[in-house]
Amino acid sequence: MNKQNLTMFKKVLMQKKTELLNKTGNSQRMVAALNTNVGDEIDTASQNSEKEIYFEIASNDKITLSAIDDSLVKIEKSTYGCCENCNSVIPIKRLDAIPWTRYCIRCQEEAEGLRR
Ligand SMILES: [Zn+2]
């Protein structure tokens, strides 16, 4: 991968990171807002499921955030764009779609196949 591409992916990753951090902050504020309504017994059940949804969003974002951080480290180490499993080069097209991906398509599919 050339330096120009690396710089571009770094920019995209930083942007996405900022976006996610803002979003995570927002959903945590929402959870805090929901918590302040505790004591009102009428709608406790729906409040609980809303809270679960917000926590779920936050935890998915955390997974993406750590993948973004790892990708940024890999850019610094010049190992960005290599599959973490088989070490083959991940096509730019795939990185364009998911810049923080850790695996090539084949390894990703194998991992997903194992989960099923
Ligand atoms: Zn691979």
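Now for a quick tour of the structure. (Residues numbered from 1 in each chain as written. Predicted model: local features only at pLDDT ≥ 70, side-chain atom pairs only at ≥ 80, totals over all residues. Heavy atoms only, no water.)

### Considering the coordination of the zinc ion
Test applied: Ligating atoms shown are N, O and S within 2.8 Å of the metal, or 3.2 Å for Na, K and Ca, and water is not included, meaning a site may look less than complete. Irregular is the label for any site that misses the other tests, which are tetrahedral for four donors with all angles between 85 and 135 degrees, and square planar for four donors or octahedral for six when opposite donors exceed 155 degrees and the remaining angles lie between 65 and 115. By the criteria applied, helices consist of DSSP H or I runs no shorter than four residues and strands consist of E runs no shorter than two, each listed in order from the N terminus.
Every protein donor of the zinc ion is accounted for by C83 (SG), C86 (SG), C104 (SG) and C107 (SG), and the metal-donor separations fall at 2.2 to 2.3 Å. Around the zinc ion sit four donor atoms, and with donor-metal-donor angles ranging over 106 to 115° the site reads as tetrahedral. Taken in sequence order, the residues that donate to the zinc ion follow the motif C-x2-C-x17-C-x2-C. Here C107 lies in helix 4 (residues 105–115) and C86 lies in the loop between helix 2 (44–76) and helix 3 (92–97), a separation of 21 residues in the sequence.

### Section: the pattern of salt bridges
Note the following rule: Whenever a carboxyl oxygen of Asp or Glu lies within 4 Å of a side-chain nitrogen of Lys or Arg, that contact is scored as a salt bridge. Any residue under 20% of the maximum accessible area for its type is buried, any over 50% is exposed, and the rest in between are partly exposed; the area is computed with a 1.4 Å probe on protein chains only.
A full pass over the atoms with the stated rule returns seven salt bridges. D70 is the salt-bridge partner of R102, the closest N and O atoms lying 2.8 Å from each other. Here R102 is found in the loop between helix 3 and helix 4, whereas its partner D70 is found in helix 2, with 32 residues between them in sequence. For R102, a relative accessible area of 22% corresponds to the partly exposed category. As a salt-bridge pair, E84 and K74 come within 2.8 Å of each other at their nearest N and O atoms. Of this pair, E84 sits in the loop between helix 2 and helix 3 while K74 sits in helix 2; the two residues are ten residues apart in sequence, bridging distant segments of the chain. Residue classification places K74 among the buried positions, given a relative accessible area of 12%.

### Considerations on the side chain of T64
Just so we agree on the cut-off: The contact criterion used throughout is that any non-hydrogen atoms of two residues lie within 4.5 Å.
Residue placement: T64 occurs in helix 2. Overall, T64 belongs to the buried group, its relative accessible area being 18%. Filtering out sequence-adjacent residues up to four positions away, T64 remains in contact with L20 and W100.

By themselves, these figures tell us nothing about what the structure is for.
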